Structures are given as C-alpha cells and as structure tokens.
Amino acid sequence: MKHLAVLMIGFSILSLCAAERLRLTLPEKIYAMPGVECNIYFASLADVVNPANYFFEVRAPKGRNDTGRWRFTPTEKDCGEFELRLNVYDDTGLAGTGKTRIVVLPKAGKNEKTLLLIGSSETAAGIYPARILELMKDAGITLTGTVRRADYAPGVVTEGYGGWSYAMFTRNAGSPFVREGKLDFKQYIDRKCNGKAPDIITITLGGNDAFGMGYNASEEKLAAILGNAEKLISDLRRSAPEAIIGVGLTYQGAGQDAFGANYGCLLSARQFRINHRMLIESLMKKFENTGDNRLSVIPIYLNIDGEHNFPTVSEPASQGNSLRVVRQSNARHPTPAGYRQIGDAMSAWINAKIIETK
C-alpha cells in the first residue's frame, strides 16, 4: 500500500506538471447565431507543437466533439447560453483545462447600421466582407470605406490594405486615418463619411505584426505593437464615442509546408504561432474586459480550419520522383471557405453586439 501511495502521489505531481505546461487560449465568451456554423479548432487554442499528440474532450450540452474541433450550428431554439469546458489529455492524463461560454442570440432585426472594416490582406481580399453582407442582409448592414476593387462583390467597400499592420494605420502618411502627420480619425469621418461616424468598426490586424517580430520576439516588440493598437482604438473611440468596436484576434495560419513555400527559412510556422499567441493573448487581456460595453474582442482565430481551408498545390515528392503529393502553399491567406469562416465569426459578433447595445 505504501508503494501504491507513493506511485499515486508521483502520478498526481506528473499530471500537475503537465497541466502547468499546457496553456489554452480561450475567450470568456463566443457568440453564435442561428444557421451559421460555430467552431473551436483545437490547434488554434493549444500551446503545443503537435496537437495530434493530445486528446481534446469537450464537455457541453450542445454541439459535436470531433477529433480536431468542436462544432455547433444552432437553430432559433438554441438561443441562450451555456458553458463549454475543454479537457486536454496526453499519455500521462489530464494535461490542461479551459472553459468559455457559448452565447447564441437570435438574428437581429432591421437596424440600418453602417460597418467599417479595417484590416490588412484578409480584409482587402473582399471575401469575408461579402460573407458578412450575405449573412447580415436582413439586419440592413451596409459597408463604408474608401477601398473598392473591380472583383469585389456588390456593396463591398473596406479599409483593407495588403501587408499593413497597426503601425501603418497609426503612423504611415498613406493611412486614411492620418492627416498632416497625425492620427486623426475624426477628419476621416468628416471627409469620407459625410460627418457621420460608422455605427460598427472592426479591426482585423495582427498577422503582419506577429510576422514582423520574427525569430527574436520580445516583450519590447510586443509592447510596441500593443501601443499602436491602443493608440488606434483610443482614437476611434474618441472620434466615434457611440460606435461598436471589435478587435479581431486573427488566425495563426497554415502549416510548415506553406511557410516554407512562402518564406523559405525566414520564419517557421512554429515561430509564427509563438508570436501570434503572444499577440492575441495580450490583445485579449487589454481589450476583452475594458468596462466599455461597446468594445470587445472577436475570437476569429478559433473559427478557421488551418488544415483544410488553406490553398494547396500538387507537386513531385522530390526531384526525379513521379509520385505527386499535396502540400499547403499559402501560409497566411486562406481559401474562400476559410475567408467565409472569418465572416461567420465576425457576423455572429456583429449580430450579438447590435442586440446587446440596443
């Protein structure tokens, strides 16, 4: 019995150490809306190199627990909220736990809200903005902005610029929000919005910021990014005091094949995910509970399938080998299905905020 007690104590200590090693990044709540699939992709929330080495067990009254994700497509009857708990196991037992609340709200009625989408290449692609218009058409959402492209769907207009970061929007002379060398969103409202501030503003930035930290990510680099984010959001709030503002927590991207294809050895998928996690956790800490009920985060990163919704190519396994293999080919830009998943997460948030701030 003495040996058994020692064995059990040893096992408990091992399990505790494992739990301390594994950190899960979950927001306090995730919004969902009827008819739109809501996902939690486990690879996006676990601080591990290889999620396949772990078993993810979801405890929730609704939805489905797959190997790589939890998924839930609510109906109107599901409106309400419930707790979702996540237990993660490795070969030694429980390795980590986390929880969030799933909040399902009915589709908002006609509201005639204007929406400004600020972002980088994800926004500039125009696909997720079009998805928002599709899902929110009965709510009367219209987009505002100055960027229009011939291949945009009807009604799509944004402030999306490929390669841009928080710093570009706050300091760059080409920023639509900078006037005479100073960040001034009020002048943008006066010149580009006929003096009427947008009702809803979302900021989908962070991917280029995380990439820019490179292999030498540091607290100093992170602090500079957060400083620019805070500067931008403070100016938005000062210039548009009644606007609903959403801080998008962007996704971690594809796997190493895609990073190798795009960047060679300049940055690995592992390092990008380290940088990405540092950033979204810091943004969540700063903007999730500010006391401003019109400012919150949008956990986009949980709703994107990093395995199946990024572009691929078929290529020889090696030079001179006739066997062809399929590899991911774009590290940061998803397929249309992936972009639509961004739109799904953002639409659920927009729908909820329209209802909650009435």
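Residues numbered from 1 in each chain as written. Predicted model: local features only at pLDDT ≥ 70, side-chain atom pairs only at ≥ 80, totals over all residues. Heavy atoms only, no water.

Peer 1: With reference to specific residues and values, describe empty space enclosed by the protein.
Peer 2: Within the structure shown, the criterion is met by one cavity of 30 Å³ or more. Taken as a whole, the largest cavity holds about 150 Å³ of empty space. Contributing to the lining of the largest cavity are 16 residues, with Ile-30, Tyr-31, Cys-38, Ala-345 and Ala-348 lying nearest its centre. Breaking the lining of the largest cavity down by element, the ones donating at least two residues are strand E1 (29-32), strand E2 (38-41) and helix H10 (336-356). Looking at which element gives the most residues to the lining of the largest cavity, the answer is H10, with four residues. Here the lining of the largest cavity is built from residues that sort into twelve nonpolar, two polar and two charged. (1 Å grid on protein atoms, 1.4 Å probe; cavity = no way out; pocket = protein on both sides within 12 Å on 5 of 7 lines; lining within 4 Å. Points joined across faces, edges and corners; volume = space filled by probe spheres on them. Helix = DSSP H or I, 4+ residues; strand = E, 2+ residues; numbered from the N terminus. Nonpolar A, V, L, I, M, F, W, Y, C, P; charged D, E, K, R; others polar.)

Peer 1: Tell me what's going on with the state of the cysteines, and back it up with residues and numbers.
Peer 2: Here, disulfide denotes a covalent bond that connects the sulfur atoms of two cysteines. Across all of its chains, the model carries zero disulfides by this definition. Summary of cysteine pairing: Cys-38 is not part of a disulfide, and the nearest cysteine sulfur, belonging to Cys-79, is at 13 Å. (Disulfide = S-S within 2.5 Å.)

Peer 1: Just give me the short version of the sheet that holds strand E4 (residues 64-65), but keep the residues and values in it.
Peer 2: One open sheet holds the three strands; their spatial order is E2-E5-E4, and the pairing between them is antiparallel. Either end of the sheet is taken by a strand with one partner, and the two such strands are E2 and E4. In terms of strand pairing, E2 meets strand E5 (residues 69-72) through four bridges, oriented antiparallel. What sits directly across from Cys-38, in E5, is Phe-72. (Pairing = 2+ DSSP bridges.)

Peer 1: Kindly report on the sheet that holds strand E6 (residues 80-90), identifying the contributing residues and their values.
Peer 2: Strand order across the open sheet formed by four strands is E1-E7-E6-E3, with mixed pairing between neighbours. Unpaired on one side and paired on the other, E1 and strand E3 (55-59) mark the two borders of the sheet. With strand direction ignored, the average angle separating the axes of adjacent strands in the sheet is 30°. Here eleven bridges tie E6 to strand E7 (residues 93-104), and the two strands are oriented antiparallel to one another. Of the residues in E7, the one forming a bridge with Glu-81 is Val-103. (Axes fitted to C-alpha atoms, helices over the stretch in contact; angles between N-to-C directions.)

Bear in mind that shape data such as this cannot, by itself, settle questions of function.
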